[in-house]
Amino acid sequence: MSITKKGNITTSAVRAGINTDQQHGAVVAPIYLSSTYSLKGFNNKRQFDYSRTGNPTRATFAGAIAELEQGSVGIVTSTGMAAVHLICQLLSTQDTVVIPHDCYGGSFRLFTHLAKRGQFKLIVVDQNDQQALDNALAHKPKLVLLESPSNPLLRLVDIEVVTKACHAVGALVAVDNTFLSPALQQPLTLGADIVFHSTTKYINGHSDVVGGVVVAKTEELGEQLAWWANCIGITGSAFDSFLALRGLKTLPVRMKQHQENALRVADFLKNHDAIDAIYFPGFPEHTGHHIAKKQQYGFGAMLSFEIKGDVEAVKKLFENLELFTLAQSLGGVESLISHPSTMTHAGMTIPDQLEAGITQSLVRISVGIEDIDDILADLAHGLTQSQL
Ligand SMILES: *Cc1c(COP(=O)(O)O)cnc(C)c1O
């Protein structure tokens, strides 16, 4: 897979925090739950003094992510939304921010509600509409948010091209990289200033932590964000950092299997009678395929499709699946299925959903790493039943 500043990403991920314990030689980085740290003496602080501000376990995880994303500073937050909220701290009331109309539902809700309270000016665009983007950039925004691939329709943006246009008007670019993880895409190497994740998804990968991370390209921006993270108190816990670091070690190998399975699922769905349309960047006919090939190290393991027969067919499909779990979220080792309109994107009004292309018959899948024959058999059964 991809390469980081220090070498191969698979090796970097596995080696994160290994052999760092000076006291006992613990091979795996130990977990420090202590909320506070003694001073060496009067006015003589150690590296850490209080765990909201800094914690050794969290610092190890932050450093590992920053390395994989090829950034300078990593900041671990309590949730993915806390990571988005942290980035909002860079904005003043006179600043304009541009977000994609089909960004993660929680991000959409946060930006629209903060804008309503006058915290900044907001422009919502279809990031694939060049004219709309140009019009937005004419307002000289302070920050442009990108999400590629987008949720749930897997639309892509050319991060390098859009970032150049944003930098030309003095805007910072922040990319939500949750859907791919640093194993498959490294936005900072494409020019972005900030990359962020919900580590709840692929990075932790086992659906047992809610967390986030922000990585800044420059030391200066990273310090500013770290200052705010401590100030507003949204840093992640030591225990969650420990678990996420443990998950990170297998990220590249998990992604390989996720992708292998996703390709098989996509091929199976593509020719199925119960499917009207499929959205998967791995197909040459997908509108973003050429961009994916250029800026990603693979096509990821998320896909969505329109089932024939509206919401009744969706219901029947869900009722007849055994292996797939009906749940929000994504990126865990287990296969999940969801209905964006009533689940992940329920925070958007129906007209906003339709504007973003989210119909009642749209179904999203996070392809897990179970045996592929079991995954396909379950889908085959469910889809047949959905049309009866
Ligand atoms: C889940 C998710 C978030 C929010 O993360 P939480 O950990 O749930 O707070 C943000 N962006 C994307 C793309 C996500 O999938």
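Identification of the protein chain as Cystathionine gamma-synthase from Colwellia psychrerythraea is taken from an unreviewed UniProt entry. Recorded under Cofactor (unreviewed entry), the UniProt text for the protein chain is reproduced unchanged: "pyridoxal 5'-phosphate". The Sequence similarities (unreviewed entry) comment attached to the protein chain in UniProt states, word for word, "Belongs to the trans-sulfuration enzymes family."

A. Inspection of the overall build of the protein chain at higher detail. When helices and strands are tallied, the protein chain shows 13 helices and 14 strands. Relative to a compact globule of 388 residues, whose C-alpha radius of gyration would be 21 Å, the protein chain shows 21 Å and is just as compact. Oriented by its inertia axes, the alpha-carbon framework of the protein chain measures out at about 75 × 50 × 35 Å. Looking at the protein chain as a whole, 55% of its 388 residues are labelled buried. The long-range fraction of contacts in the protein chain, counting pairs at least 24 apart against all pairs at least 6 apart in sequence, stands at 71%. Surface accessibility of the protein chain: about 16400 Å² in total, with carbon and sulfur atoms responsible for 53%. Of the charged side chains in the protein chain, 30 are positive and 37 negative; the average position of the first set lies 9 Å away from that of the second.

B. Up close: the packing of aromatic side chains. Throughout the structure, instances matching the rule amount to four aromatic pairs. An angle of 45° between the planes, with centres 6.2 Å apart, marks the rings of Y37 and F48 as tilted. Pair noted here: Y37 is in the loop between α1 (9–15) and α2 (56–68) and F48 is in the loop between α1 and α2, with a separation of 11 residues, a long-range link. Summarising the burial analysis for this pair, Y37 and F48 share the class buried. We note K270 situated over the ring of F283; from NZ or CZ to the ring centre the distance is 4.2 Å.

C. Highlighting the site of the ligand. Near the ligand, the surroundings consist of 14 residues, among which M81, D176, S198, T200 and K201 are the closest. In the environment of the ligand, an oxygen atom lies 2.7 Å from a nitrogen or oxygen atom belonging to the side chain of T200. Relative to its unbound accessible area of 380 Å², the ligand is 92% covered by the protein chains. Looking at the shell around the ligand, its residues break down into five nonpolar, six polar and three charged.

D. Representation of the UniProt feature "modified residue: N6-(pyridoxal phosphate)lysine" (unreviewed entry) in the protein chain in the model. Sites flagged by UniProt as "modified residue: N6-(pyridoxal phosphate)lysine" (unreviewed entry) map to K201. If we skip the residues at most four places from it in the chain, K201 touches T178, S329, L330 and G331.

E. Structural view of the sheet that holds strand β6 (residues 143–147). Within the open sheet, the seven strands sit side by side as β3-β9-β8-β7-β6-β4-β5. Their pairing is mixed. Strands at the two margins of the open sheet, each flanked by one partner only, are β3 (73–77) and β5 (121–125). Here the average twist between neighbouring strands, direction ignored, is 20°. Note that strand β4 (residues 96–100) and β5 share five bridges and pair parallel.

F. Spatial organisation of the nonpolar core. Judged by nonpolar contacts, the single largest core of 73 residues is most densely connected at L248, V265, L269, L303, F305, L317 and I365. Formed jointly, this core draws a minimum of three residues from each of two domains, domain 1 (9–248) and domain 2 (252–386). Grouped together as the second largest cluster of nonpolar side chains are 35 residues, V97, C103, F108 and A174 included.

G. Local environment of helix α9 (residues 251–270). Between its terminal C-alpha atoms α9 stretches 27 Å, which fits the 28 Å expected from 20 residues at 1.5 Å a residue. Listing the buried residues of α9 in full gives L251, P252, R254, M255, H258, Q259, N261, A262, V265, A266 and L269. Elements that come into contact with the buried residues of α9 comprise α1, α8 (238–248), β10 (275–279), β11 (302–307), β14 (362–366) and α13 (372–386).

H. Layout of the state of the cysteines. According to the stated counting rule, one finds zero disulfides in the structure shown. Cysteine C88 remains unbridged, with the sulfur of C103 as its closest cysteine sulfur at 11 Å. Considering cysteine sulfurs only, C103 is the nearest to C166, which forms no disulfide, with 15 Å between them.

I. Layout of the packing of helix α3 (residues 80–88) against helix α4 (residues 105–116). Across the interface, α3 lies against α4 with an axial gap of 10 Å and an inter-helix angle of 35°. Our pair here, α3 against α4, has a crossing hand that is right-handed. Counted together, M81, V84, H85 and C88 of α3 and G106, S107, L110, F111 and L114 of α4 form the full contact between these two elements.

J. Representation of the pairing of β4. Of all five residues that make up β4, five are buried, and the element is covered over most of its length. On β4, burial covers both faces: T96, V98 and P100 on one face and V97 and I99 on the other are all buried. For the segment spanning β4, α4 and β5, crossover handedness is right-handed. Direction of pairing for β4 relative to β6: parallel, over a ladder of two bridges. Of the residues in β6, the one forming a bridge with V97 is L143.

K. Representation of the pattern of salt bridges in the model. Throughout the structure, instances matching the rule amount to six salt bridges. The closest approach of N and O atoms between K142 and D95, which form a salt bridge, is 3.9 Å. Separated by 47 residues along the polypeptide, K142 in the loop between α5 (130–137) and β6 and D95 in the loop between α3 and β4 bring together distant segments of the chain. For D102, the salt bridge goes to R155, with nearest N and O atoms at 2.8 Å. Of the two residues, D102 sits in the loop between β4 and α4 while R155 sits in the loop between β6 and α6 (159–168), which places them 53 residues apart along the sequence. Look at D102 and you get buried, because its relative accessible area is 3%. Under the relative-accessibility criterion, R155 is labelled partly exposed at 23%.

About the cut-offs
- Residues numbered from 1 in each chain as written.
- Predicted model: local features only at pLDDT ≥ 70, side-chain atom pairs only at ≥ 80, totals over all residues.
- Heavy atoms only, no water.
- UniProt positions renumbered as here; feature names shortened; annotations may be inferred.
- Helix = DSSP H or I, 4+ residues; strand = E, 2+ residues; numbered from the N terminus.
- Rg over C-alpha atoms; globule rule 2.2 N^0.38 Å.
- Buried < 20%, exposed > 50% of the residue type's maximum accessible area, 1.4 Å probe, protein only.
- Contact = heavy atoms within 4.5 Å.
- Areas by Shrake-Rupley, 256 points an atom, 1.4 Å probe, with all protein chains shown as cover.
- Lys, Arg positive; Asp, Glu negative; His and termini not counted.
- Charge placed at Lys NZ, Arg CZ, Asp CG, Glu CD.
- Phe/Tyr/Trp six-rings, centres within 6.5 Å; stacked < 30°, edge-to-face > 60°.
- Lys NZ or Arg CZ within 6 Å of the ring centre and 35° of its normal.
- Near = heavy atom within 4 Å.
- Polar contact = N/O pair within 3.5 Å; in protein donor to acceptor, adjacent residues only side chain to side chain.
- Nonpolar A, V, L, I, M, F, W, Y, C, P; charged D, E, K, R; others polar.
- Pairing = 2+ DSSP bridges.
- Axes fitted to C-alpha atoms, helices over the stretch in contact; angles between N-to-C directions.
- Core = buried A, V, L, I, M, F, W, Y, C linked by side-chain atoms within 4.5 Å.
- Domains from an automatic or database assignment.
- Expected span 1.5 Å × (residues − 1).
- Disulfide = S-S within 2.5 Å.
- Left-handed = near helix turned anticlockwise from the far one by under 90°.
- Right-handed = clockwise from strand over helix to strand, strands pointing away.
- Salt bridge = Lys/Arg side-chain N within 4 Å of Asp/Glu carboxyl O.

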